[in-house]
Structures are given as structure tokens and as C-alpha cells.
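Residues per chain are reported as follows:
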Amino acid sequence: MTQVGAEIGSVLDQLEARQPKMVLTIDEYTLPLTNLDKVLWPGAGRKGGFTKRDLLRYLTLVSPWLLPHLKGRPMFTTRYPDGVTGKSFYQKHWDKPPAFARTVTIYSSHNEGDSDYLICDNLATLLFLAQMGGLELHPWFSRVDTLPDARGKSKKFSGSEENLERSVLNYPDFVVLDLDPYLYSGREGKGEEPELHRKAFRQTCDLARRLRDLLASLGLEIFVKTSGRTGLHLYLPIVRKFDYDASRTIAETIGRYALQQWPGEVTLEWAVVRRTGKIFFDYNQNSRGKSLASILCPRRHPLGTVSMPVEWDQLDQIYPTDFTLRTVPGLLEEHGDPWENILSAKQDLAQLLESRGAV
Amino acid sequence: MARAIWSGSISFGMVSIPVKLYGATESKDISFNLLHATCGTRLQQRRWCPTDEVEVPWNETARGYEYARGQYVVLTEEDFERLPLPSKHTIELSAFVEEKEIDPVFYERSYYLEPADRAEKPYALLLKALEQRGLTAVATITIRKKEQLCAIRAHDGTIMLETLYYPDEIRTERGMNLSNVKVSDRELEMAFTLIDIFRKPFDPGEYHDHYREALAELIEAKLEGKEVVQAPAARSTRVLDLADALKRSVEAAKKDQAKPKPPARARSRSRTTRRTRTAG
């Protein structure tokens, strides 16, 4: 058994102990775990919902696929201390992160000073976040490592906004398109967000496929995952030549094009009421410090769904609720992660467009 | 044609043209009635006097102006009748100006003016004169007891009347202060690029009230007990080349990086200003 495999095996064994709290040993570190039988997703699974223990088990099982996607990325988390039906809040900074957690000091214009961000590079950190009720993981689209495609970019992130803007953290790996259907089933309560339903999801898949074909016609390959809730996240991996301002402009341009092509289906509107009946194409997440829920990240959905990467040719056959804390580890084991090579599939957008000889 | 909402005459100098006024626009907002949720009965509004604890009939009502809290001066119908309203049945033209001299903020509502019986000739004459000179007349009209400023202009073979706000009805106080915000050439360049991509002639036919359409559909669907159906997408006839658009935005972005960025301090100051305003 590999070292990683052994570590996972050991954690799973320890979690088997039917006690509500314990001190978990991972490598040379210890992590106190509490309230293991607390139900976080009351509506999920066949018996009595998914508990914190289920979450820890899930994260341990998927960690070999999940951790590579979080590597080197400052992140924040959405904490649901009382489960998905309770209150939630973002946590960006940690005063006393545990010894095993990697942190990076970044200038924050909001705090007008330097702050420590967590980087989730190991299983212990992942489980620490779960222990804190941090169900949703939001890694930045940029990361602190410069190799191989941002060689020579600065690694000084603190001191001033100028330092941060000049640094590699200002150069995202992806242009992201967030497709969020505002197609109501009619069963929602007053003022509620649209619920997940077949028709809306199919329509969103259909739009995603057209966007993929559109980009393919330019020679660009884009990746898709379920958001874990009602929509889809599309990631276009790019060589880090453009900063966030540029990636947002690129996403906005694609969005405006989509709006022009399919005005009856797409909306870029800010006002929620004007999005009704359409799919909201959100390009605004392409911004330093912003993020979408990570790949394989558990979501606030009653059934305990996670954000699942999918192959384009599978899109017709899947439904977001197929992918839960329960089902995903097995699916990954069987089929692997379609996004595994996303960072090797980076595309030089500038070069591609130039070679096409567009105006 | 709808019923005229006003009739009188346009008067300037020695000329008088009998006309009728029709609303040129209509709001198509879908309106709802307030019901009692438990039994579905439409609610009634009643004029209720909390002192006498009685419902008050119209003929026992009066209009009061609150000059201090709880203190009213009462105006009767006779008081209103006595008010000087010189343009009661006339549209008094006082000046001719260029249309572009009137800022759109002044425009309130649009009406069509049509000639009354046997007034076609002078009406056509005024229309032609306005058309050929390309001028707009400023006038006053009294509609529903209120003397209003208005503009009279030729549009598509008709004389139109647009009521205007008086200058003291236009709010001038503004909360923002942009003097600290620095916009760099590169940012402006990116903005120009986006503007150029979406530049096209104004075609009002392209725009719809999607909210109202969705609402109407929802009502229809509820009536039929069906699920809400999505309207088929209208495909835009104007196809823009995505490669071209992307290339332009990418180029603007590249230029961006070649140019030195404005000092971070200046930008964070502008950010601070914004934040303070939000907080306040």
C-alpha cells in the first residue's frame, strides 16, 4: 500500500470508532474531532441524514482526487456549524491555524493590511475544515506556485496591493463561467431561489454544450462540473499570461456573445427578478479573491450533493443528485477524475487567436 | 382610438387651433388585486375615521394640507376654483427652442394632439412649420387641475405634446463624489473595446419586458393548471464574431499589462472613499 493509501486507511479506521468525539492521528499530527454524529444534511441518505462523520469519511476517501485541485491556492470556506439548514458564514482568515495547515500572507484591501489565508495542501487541513463545519471549499483561481507557466512572476503577496497585483496570485489558471438557472419549478416558496428540477437542468446542460461547441470552434477546450446545486461550472484552463481583469473581460465577452446569440435563454442581469426564466451567465467570479465552490466540494443541498466533474459526452445522462457524499467516492474509484489533467490542458489564448488571424 | 383626455386649443399670437389630447404611451404592467388569503375575497378599502369610529362617505371628506405635524389647513372646492389657471383650456405657446436643448430628464409623459372638427388646416400648418424649422415649442397646459410645462413637437406626421417637469422638480443633490477616482487609459481602452463591440443602431423592437412576459405566462399556466413553459428563444439576426470580440478584449488586456499601472495608493484611496460612502 502506498503511503497516501496507508494514511487514508488509518483515518478511515479511526473514524469507524463509534464515539461522538476523538483525537484523530494523522502522520505526526493530532486533530481533535467533536460532535461526529451531528447531522449536517438532515434530508440525505436512507437513514437519518449525513453526519459530520460521513463528511469526514467522504473527504478522506476523495482526498487523493480533491487535494491536487486545492494545491497552492489560498482558500476560504463557508461554515455551516448547524448543518445545511442552519446559518452559514464565510471564513477567510484564521487567527490560530493548526500547525499542519499551510498559510500564506496576502495583502487584503478590505482589511487594509496583511492577512493569513489557508492553503489546503494536506488531508489534515481538509479534515480540520470539516471539523469546523466548513462544508464548502472555495479555492482561488490563482495559486502561489509559478511553475511551469508563470515562471518569473513575483511571489511577494503582502505589504501592499501593488505587490499583490504584480504577483502570480493576480494571474488565474482559469476563466470560469458560472451557469445558474433562474428557471423556477413553480413549487418554490415566495422569495426562494429556484429549486433543482429536470427541465431547468437539461436546459442548462444544453446551453453549456453550445458554449463548449462555440469555444471548440476557436480551438479551445473547456471543462464542466455540476455546481452541486442547480447549475454548472465551466472552467477554461489558460496559460497565466492574463490577470484577473483580463480573464473577467474574456468571460464577459463570451457572456455577451451568448446573450446576443440566445437572448431568450441567457441573462447577464444583476437584478434577480430580471433573471427569471433564464440562465444567469455569471462572469463576475473572475476576480482576485473570489471563487466558486471547488470540484468535489459538498454543497448546501438537502440531499448532500457535491460538485462533480463530468465528461462532456456524459452530460446528457447525469443529474446533480447522482453525486452525493455517498456515491462519489465509488464513482471516482471506478472512472477517475475527468478534470485530473486540467492544468496540463492549459491553452495560450493570445496565441490561439493570433494564429487564427482574426482581425 | 381612446377617449380624449383633454380638449381645448393651441394658442400663439393671434392663432388658435382647437385640438384634442390623447395619451401616447401606456404602461402594460400586470396589476394584482389584494385578496383575503384565507377566503379569496377581494379586500375593500374604506375611509375610516378613528375619532368617530365611522366609515366616512365622500361628501363628508375635505382636503387638508399638513403645515405642521397634525395641523391642517383645509381647502374647499371653491378655494380650488378660485386659483388662477390662465391656460385652463388653452395650450399657450411661449417659446420655440431646439429639441436637443431640453434634457431628457425633463420629459414626463407623451401625448398625441389631434385637430378638433374643422381645425385640420391650422393644425397641418403648425405641424409643417415645426417640421421644416425643426423646432420644439415650449408651452403650458392645465391637465387635472395642475398647470404643467410642456413641449410641442412634430413627430411622424403628428403634433406631440410632452409634459415636462418644472426645474424645481428635478433633483439636483447627488451623493456621489468621483473626484478621487482615477481611471487609467488602459481601463478606458478596455471599456471602449466593449462599447465598440456592442455598438449598433437603437431598435426598440428588440426589447421586451421579459418579466411581464414571464408573469403573464405564469398566470396563464396557473389558469390552465399546467407547469410554466419557457418561451422559445428568439435568435438574434446579428451575428458577431466571437473570435474577433475575444481577440479585441485580449488585445486590450495585453496593452493593459504593457502599460505601467497607476500607483496602487491612488486606487486604494478611491476604494476607501467608496467604502465610507456605503457605510454611511
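Residues numbered from 1 in each chain as written. Chains lettered and ligands numbered in written order. Predicted model: local features only at pLDDT ≥ 70, side-chain atom pairs only at ≥ 80, totals over all residues.

Caption draft 1: Just unusual backbone geometry, in detail. Residue and element names in this part refer to chain A. The omega torsion of the bond from Leu-147 to Pro-148 falls at -5 degrees, within 30 degrees of zero and hence cis. On the secondary structure map, Pro-148 appears in the loop between strand S9 (134–139) and helix H4 (161–166). Phi at Asp-27 is positive, roughly 50 degrees, even though this residue is not glycine. Position of Asp-27 relative to the elements: it lies in the loop between strand S1 (22–26) and strand S2 (29–33). (Helix = DSSP H or I, 4+ residues; strand = E, 2+ residues; numbered from the N terminus.)

Caption draft 2: Local environment of the packing of helix H1 (residues 3–16) of chain A against helix H2 (residues 52–70) of chain A. All names here are of chain A. Where H1 contacts H2, the axes come no closer than 10 Å and their chain directions differ by 170 degrees. By the angle class used here, H1 and H2 are roughly antiparallel. The residues of H2 that touch H1, namely those facing Val-4, Ile-8, Val-11, Leu-12 and Leu-15, are Arg-53, Leu-56, Arg-57, Thr-60, Ser-63 and Pro-64. Residue classes in the contact of H1 with H2 are distributed as seven nonpolar, two polar and two charged. (Axes fitted to C-alpha atoms, helices over the stretch in contact; angles between N-to-C directions. Parallel < 35°, antiparallel > 145°, perpendicular 65-115°, else oblique. Contact = placed C-beta atoms within 7 Å. Nonpolar A, V, L, I, M, F, W, Y, C, P; charged D, E, K, R; others polar.)

Caption draft 3: Highlighting the sheet that holds strand S10 (residues 174–181) of chain A. All names here are of chain A. One open sheet holds the six strands; their spatial order is S13-S14-S10-S12-S11-S15, and the pairing between them is mixed. With partners counted over all chains shown, the strands left at the sheet margins are strand S13 (266–267) and strand S15 (309–310), one partner each. Of the pairings in the sheet, the one linking S10 to strand S14 (residues 279–282) comprises four bridges and is antiparallel in character. Bridge pairing links Asp-180 to Phe-280 in S14. Contacting S10, strand S11 (223–226), strand S12 (232–237), S13 and S14, helix H5 (residues 198–216) runs over the sheet at an angle of about 150 degrees to S10. Helix H6 (residues 244–261) rests against S10, S13 and S14 of the sheet, and its axis sits at about 40 degrees to S10. (Pairing = 2+ DSSP bridges.)

Caption draft 4: The nonpolar core, seen in detail. Judged by nonpolar contacts, the single largest core of 99 residues is most densely connected at A:Leu127, A:Val176, A:Leu177 and A:Leu234. The contact partners of A:Leu177, leaving out residues within four places of it in the chain, are A:Leu211, A:Leu234, A:Ala251, A:Ile254, A:Phe281 and A:Tyr283. Within the second largest apolar cluster, 17 residues are counted, among which are B:Ile10, B:Ile141, B:Ile152 and B:Leu164. (Core = buried A, V, L, I, M, F, W, Y, C linked by C-beta atoms within 7 Å. Buried ≥ 20, exposed ≤ 12 C-beta atoms within 10 Å, placed from the backbone.)

Caption draft 5: Broad picture of helix H3 (residues 123–131) of chain A. Residues and elements named next belong to chain A. By the criterion of burial, H3 is predominantly enclosed, with eight of the nine residues buried. Leu-123, Ala-124, Thr-125, Leu-126, Leu-127, Phe-128, Leu-129 and Ala-130 are the residues of H3 that are buried. Two residues or fewer after H3 comes Gly-133, characterised by a positive phi angle close to 80 degrees.

Coordinates in, geometry out; function isn't part of it.
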